[in-house]
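Here is what each chain is made of, one letter per residue.
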Amino acid sequence: MAKSAPRTILMGCAAALGLAVAAKPALADKAHPVIGFTVYDMSSFISLGKQGAQTVADANGAKLLWNSAHMDVNTQISQLQQFINQKVDAIVIAAVNSSTLGPQVEAAKAAGIPVIITNLTVSDAVMKNAVSYVGPDDVKAGENEAIHVMDAIGHKGGVVVLQGPLGQSGEIDRTKGIKNILAKNPDVKLLAIQPANWKRTEAYSVAQDFLSRYGSQISAIIPENDDMAIGAIQALREKGLAGKIPVVGTDGIKDGMRAVRAGNELETNLQDALLELGMAMQVAVDQVQGRQVPKLAMFIMPQITKQNVGHYYDQMYVHPDEFTKELPGLIKKNLAAGTYADQ
């Protein structure tokens, strides 16, 4: 999820909902493709998503090569070069930064290795050499967060925002969505906006600082993911304010849904990591094996509130083995129907 570059969600893809034709894979064994997968970090969301990617790889007889860049662009560049040198059949990228990696993706294409972008959008310069994007509508998620907050505080008061890493598309787009709604609510003041980099510990510290500086002026806290929401809730809890000052989030991780169920988190947007990264893996396999794949598989995240959290929590965290077992079939069904986030 990241910040500070302009929103770059595939503006150059005029045929965004069209189909990309498969390119020639780098290796010979299409029945057992080797897929290189590089992610920005091992957040709670990505850790869960890795399980989805592995499940789909196993279902397809594919080999998954997994690497985390630990939020370092140069590390991710090195990982991509290593995949190219290994002549993997396809590469999946959840980028550290939305505007980097252009030369590496171009080099992969030149080597006959298709690239799938997932979770975070990238610049047009990067995307023009990629095959597909599989990921969320983060602008909508930011809007959903802010709408729930506006309703909760009666469309007046002061809010603070905890951002993801500056330069990542998740931050850029969720911030845009939040500001879209703030612009329609002139009686709500944005007191402060600051990155906490998707991390609980950083969000806890930033929220503590906000509470110290702004005190009773804060009517609500808008973190851009659930991990940061959990950190903010802990800071509120220490002041006896948990459940009294609205907090929202996005991702639908286990602790986020628990916080929604307990009434400490008003709303989260379910970005199902198993489904999303599993689908990115399936698109990679389909591309290698010559099947048509969507140029844009955009997830419209379900909104999770106290009223419906039970269904999704049970599905993902009470009976996860059942959901995981059904995941490969669900992904193929969703790809065929174009309803990518259905579950």
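Structure: see above.
The structure reproduced in this document is the subject of the present report. If you're wondering where the values come from, they're calculated on a predicted model, not measured in any experiment. (Residues numbered from 1 in each chain as written. Predicted model: local features only at pLDDT ≥ 70, side-chain atom pairs only at ≥ 80, totals over all residues. Heavy atoms only, no water.)

Think of it this way: side chains of opposite charge can pair up when their charged atoms draw near. Applying the stated criterion to the full structure yields 8 salt bridges. A salt bridge links lysine 199 to aspartate 41; the nearest nitrogen and oxygen atoms lie 3.1 Å apart. Remark: aspartate 41 occurs in the loop between strand 2 (34-39) and helix 1 (44-59) and lysine 199 occurs in the loop between strand 8 (188-195) and helix 7 (200-214); sequence separation between them is 158 residues. With a relative accessible area of 32%, lysine 199 lands in the partly exposed category. Looking at aspartate 41, the relative accessible area reads 14%, which means it is buried. Residue arginine 213 pairs with aspartate 209 through a salt bridge whose shortest N-O separation is 2.9 Å. Of this pair, arginine 213 and aspartate 209 both sit in helix 7, separated by 4 residues, roughly a single helical turn. Residue arginine 213 is classed as partly exposed on the basis of its relative accessible area, which comes to 45%. What makes aspartate 209 partly exposed here is its relative accessible area of 33%. Several salt bridges converge on common partners, so that one network encompasses Arg200, Asp227, Asp255 and Arg258. (Salt bridge = Lys/Arg side-chain N within 4 Å of Asp/Glu carboxyl O. Helix = DSSP H or I, 4+ residues; strand = E, 2+ residues; numbered from the N terminus. Buried < 20%, exposed > 50% of the residue type's maximum accessible area, 1.4 Å probe, protein only.)

For helix 6 (residues 169-182), spanning 14 residues, the distance from its first C-alpha to its last is 20 Å, which sits close to the expected 20 Å at 1.5 Å a residue. In terms of residue burial, helix 6 counts as a mostly covered element, since 11 of its 14 residues are buried. Considered for burial, the residues of helix 6 that qualify are Ser169, Gly170, Glu171, Ile172, Asp173, Arg174, Thr175, Gly177, Ile178, Ile181 and Leu182. (Expected span 1.5 Å × (residues − 1).)

Moving on, we get to unusual backbone geometry. Positive phi, normally seen in glycine, also occurs at leucine 101, with a value near 80°. Mapped onto the fold, leucine 101 is located in the loop between strand 4 (90-93) and helix 3 (102-110). Under the relative-accessibility criterion, leucine 101 is labelled buried at 4%. Its identity is not glycine, yet aspartate 251 carries a phi of approximately 125°, on the positive side. Examined against the element boundaries, aspartate 251 turns out to sit in the loop between helix 8 (226-237) and helix 9 (254-262).

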